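# Observations on chain architecture
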Amino acid sequence: MSPGKTQYALIYNEYEYLPNIRVSFSKVIVLVMCFPLLAFVFCIVYSVIFNFENATYTHCQVYNILPSISAAIGNFSPQREIWQTAITLQLLPRILVAREYLNHHHKMLNSQNMWMGYIAFILNIVENISLITLSFFTSSKFYAVHEKAFVTFILVSEVYMFLICILQGRYKRPHRPSLVWKKRCMITNFTFITLAVYFFMRHNSMCEPYVYSLFAASEYMVVLSNIAFHFTAFLDFTEKDLVIFKHGFAVTDR
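Residues numbered from 1 in each chain as written. Predicted model: local features only at pLDDT ≥ 70, side-chain atom pairs only at ≥ 80, totals over all residues. Heavy atoms only, no water.

## Focus: the pairing of strand E2 (residues 240-245)
Counting buried residues in E2 gives five out of six residues, a clear majority hidden from the surface. With four bridges connecting them, strand E1 (residues 21-24) and E2 associate as antiparallel partners. Across the sheet, the residue bridging to Val 23 is Leu 242, located in E2. Taken together, the six bridges between E2 and strand E3 (residues 248-253) define a ladder with antiparallel strand orientation. Looking at the pairing, Ile 244 lines up with Phe 249 of E3. (Buried < 20%, exposed > 50% of the residue type's maximum accessible area, 1.4 Å probe, protein only. Helix = DSSP H or I, 4+ residues; strand = E, 2+ residues; numbered from the N terminus. Pairing = 2+ DSSP bridges.)

## Brief notes about the state of the cysteines
By definition, a disulfide links the sulfur atoms of two cysteine residues through a covalent bond. Across all of its chains, the model carries one disulfide by this definition. Across the disulfide from Cys 60 sits Cys 207; the S-S distance is 2.0 Å. Across the disulfide from Cys 60 to Cys 207, rotation about the S-S bond amounts to roughly -60 degrees, and the bridge is consequently left-handed. Remark: Cys 207 occurs in the loop between helix H8 (176-206) and helix H9 (211-231) and Cys 60 occurs in the loop between helix H3 (52-56) and helix H4 (69-74); sequence separation between them is 147 residues. Classification of Cys 207 by relative accessible area gives partly exposed; the value is 30%. (Disulfide = S-S within 2.5 Å.)

## Remarks on the pattern of salt bridges
Taken as a whole and assessed by the stated rule, the structure comprises eight salt bridges. We note a salt bridge from Glu 127 to Arg 94, for which the minimum N-O separation is 3.7 Å. Of the two residues, Glu 127 sits in helix H6 (residues 114-136) while Arg 94 sits in helix H5 (residues 79-108), which places them 33 residues apart along the sequence. For the residue pair Glu 127 and Arg 94, the accessibility class agrees, reading buried in each case. Here Lys 182 makes a salt bridge to Asp 236, at a shortest N to O gap of 2.8 Å. Here Asp 236 lies in helix H10 (residues 233-236) and Lys 182 lies in helix H8, a separation of 54 residues in the sequence. Overall, Lys 182 belongs to the buried group, its relative accessible area being 1%. (Salt bridge = Lys/Arg side-chain N within 4 Å of Asp/Glu carboxyl O.)

Below is the structure:
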């Protein structure tokens, strides 16, 4: 190859990898987590306003004021479509975040603790798969699948939160604000899961008014604390950017 062609090839290759767009990865995380948050709020509010009687109806036929999450996101339109769209949009970015956490663990953990980082990565992926499964296999049409996906989501997310808190406590340079907020979200999540189970069992056994609404409110807090936990990822990646090239993208250090 002549010198002129060689120079042209080098310029061309450099052009291929020049960033077209560079944006803070923390901002990307916040945007992505707003998808399920805003969709969740919309589904609850819309169900209360426009589908109140059907959304709050239970086999006990007692008065309630709040719909369960399964009813709000899966039994009515347009709530169902909006929720499914939001969960679909956040799936691939959440997997990207999970991969970046795995890279982050490699940098921040001693090698003897890295096995927990791999387990956390797998749990994060399973959590996302179970979330999209329970969103598309609604309780009204696919109750058995929805129930199993929901139980998987709750169990896996709890273990994941607990494991991430342990991992960040063992970092070479612990990020205290991130760890503090993660612990708060984890404790809140576990507390309201316990309350949700209690109110659900009490509702089924005693059929008291408003108890199912207390169950629903506890469910809301479980979802919101889970979203808040994943929101804290923006604290962990403040020094990273999402860079989009001509033929791909990458998360890079700033």
